[in-house]
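What follows is each chain in one-letter form.
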Amino acid sequence: MQIAAQWYQSRAFEQDVMLIWEPHVHSFARCNMWYVKGTDRDLLIDSGTGLKPLKPALPASDRPLIALATHGHFDHVGALHEFADRRAHESEADEFADMPDALTLASLFRELDDPVDALPCDSWSREHYRVAPAPIEVRLADGDCIDLGRRKFTVMHLPGHSPGSIGLFEERTGILFSGDALYDGELIDDFARSNVEDYRVTMERLDALSISVGHGGHGPSFDGARKRVLVQEYLAGKREQGCPHPR
């Protein structure tokens, strides 16, 4: 297997939002990383698998950067340790200091037959994959504000996929960053720390939220009408509750 010439790709969206992803990572573990430009600070939402340094792939900026994790799974926190201002929900925050498999589920990545289709470096092997510790600097709770200057996002605690899953909502623009609580794809509610009852409460909350666009932790972005379909399908049980893990 050859070493990848370029590990990260990116795409610009409206409202100073950029999507960053790892094209050579298995689709099961290929998360959406979102970079939001502010006036006083910038914001990175999730940080991928950490197989390759992420910081050099980010836009050049002289503003401080907030690195926020929507939850503690390996595909969302792998490069979190590269950043100083690290934030996550208080219910999972303690474990970020050690990043155990019980939090990150990194064993799922090690068990994939083909976790990557190109190497991040010549010394990499899936058997040795672990998530680097990244102690949390700021513990978040529902209703907290992420202040970028002229842009302000409200933290929404959205448990179900994991206990500490969170989203960010910008009321002025209607932009929702929903992490793995909601995305346009097969939602997962059968991990060891998932909770279907919590997930239903989360979906009911999202059902009542009016958005212009949703940027999820995986899959394509979606508008308010599509958001309602995704939520209603889950609540009605039409969407399979539980996703088989690729091997």
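Notes on the structure follow. Every chain's residues receive numbers from 1 upward, in the order its sequence appears when written. Totals for whole chains, interfaces and linings use all residues, but because this is a predicted model, local features are given only for residues with pLDDT of at least 70 and pairs of side-chain atoms are given and counted only at 80 or more. Working from all heavy atoms in the structure, the side-chain values ignore hydrogens and water.

**Here we look at empty space enclosed by the protein**
Rules: Throughout, the protein atoms alone are placed on a 1 Å grid, and a set of points is a cavity if a 1.4 Å probe fits but cannot get out or a pocket if it is open with protein on both sides within 12 Å along at least five of seven lines; lining residues have an atom within 4 Å of a point. Grid points are joined across faces, edges and corners, and a volume is the space filled by probe spheres set on the points. Put simply, Ala, Val, Leu, Ile, Met, Phe, Trp, Tyr, Cys and Pro go in the nonpolar bin, Asp, Glu, Lys and Arg in the charged bin, and everything else, Gly too, in the polar bin. Working definition: helices are DSSP H or I runs of at least four residues, strands are E runs of at least two. Numbering for both runs from the N terminus.
Under the defined criterion, the tally for this structure stands at two cavities of 30 Å³ or more. In this model, the largest cavity occupies a volume close to 70 Å³. As for the largest cavity, its lining consists of His-73, Glu-92, Ala-102, Leu-103, Leu-105, His-161, Ser-162, Pro-163, Phe-191, Ala-192, Arg-193 and Ser-194. In the lining of the largest cavity, the residues fall into six nonpolar, four polar and two charged. Roughly 30 Å³ of volume is contained in the second largest cavity. In terms of lining residues, the second largest cavity is bounded by Asn-32, Trp-34, Ile-45, Asp-46, Thr-70, Phe-177, Ser-178, Gly-179, His-215, Gly-216 and Gly-217. Among the secondary structure elements, those contributing two or more residues to the lining of the second largest cavity are strand E11 (175–179) and strand E12 (213–216). Looking at which element gives the most residues to the lining of the second largest cavity, the answer is E11, with three residues. Its residues placed into classes, the lining of the second largest cavity shows three nonpolar, seven polar and one charged.

**Overview of the layout of surface pockets**
Put simply, the largest pocket is a space of about 350 Å³. Around the largest pocket, the lining is made up of 20 residues, and of these Ser-27, Phe-28, Arg-30, Tyr-183 and His-218 lie nearest the centre. Within the lining of the largest pocket, the residues separate by chemical class into nine nonpolar, seven polar and four charged. There is about 160 Å³ of room inside the second largest pocket. Every residue lining the second largest pocket is counted, 13 residues in all, and those nearest its centre are Lys-55, Leu-58, Arg-63, Leu-65 and Phe-83. A class-by-class count of the residues in the lining of the second largest pocket yields seven nonpolar, one polar and five charged.

**A look at the sheet that holds strand E7 (residues 138–140)**
Defined as follows: By definition, two strands form a pair when at least two bridges between them are found by DSSP. Between the N-to-C directions of two axes lies an angle of 0 to 180 degrees, each axis being a line fitted to C-alpha atoms and, for a helix, fitted only over the stretch in contact.
Taken together, seven strands build an open sheet; the order of strands is E1-E2-E3-E4-E5-E6-E7 and the sheet is mixed. Edge strands, defined here as strands with exactly one partner in the open sheet, are strand E1 (9–13) and E7. Each strand of the sheet is rotated relative to its neighbour by a mean of 20°, with strand direction disregarded. Here strand E5 (residues 65–68) runs beside strand E6 (residues 85–89); their pairing, made up of three bridges, is parallel. Each bridged residue has a counterpart across the sheet, and for Ile-66 the counterpart in E6 is Asp-85.

**Quick look at the packing of aromatic side chains**
Ring pairs (aromatic) are described by centroid distance and by the angle formed between their planes. Worth spelling out the cut-off: Whether two aromatic rings pair depends on their centres lying within 6.5 Å, for rings of Phe, Tyr and Trp, where Trp uses its six-membered ring; planes under 30 degrees apart make the pair stacked, over 60 edge-to-face, and the rest tilted. Categorising residues by exposure relies on relative accessible area from a 1.4 Å probe, with only protein chains included: less than 20% of the type maximum marks a residue as buried, more than 50% marks it as exposed, and the intermediate range marks it as partly exposed.
Counted according to the given criterion, the structure contains eight aromatic pairs. Their ring planes at 55° and their centres at 5.9 Å tell us that Trp-34 and Phe-177 sit as a pair that is tilted. Here Phe-177 lies in strand E11 and Trp-34 lies in strand E3 (residues 33–36), a separation of 143 residues in the sequence. With relative accessibility at 1%, the residue Phe-177 sits in the buried group. Ring centres 5.8 Å apart and planes at 55° place the aromatic pair Phe-153 and Phe-177 in the tilted group. Linking Phe-153 in strand E9 (residues 152–157) with Phe-177 in strand E11, this pair joins segments that are 24 residues apart in sequence. Across the pair, exposure class does not vary: Phe-153 and Phe-177 are buried alike. An aromatic cluster of at least three residues, connected via ring pairs, comprises Phe-13, Trp-34, Phe-153 and Phe-177.

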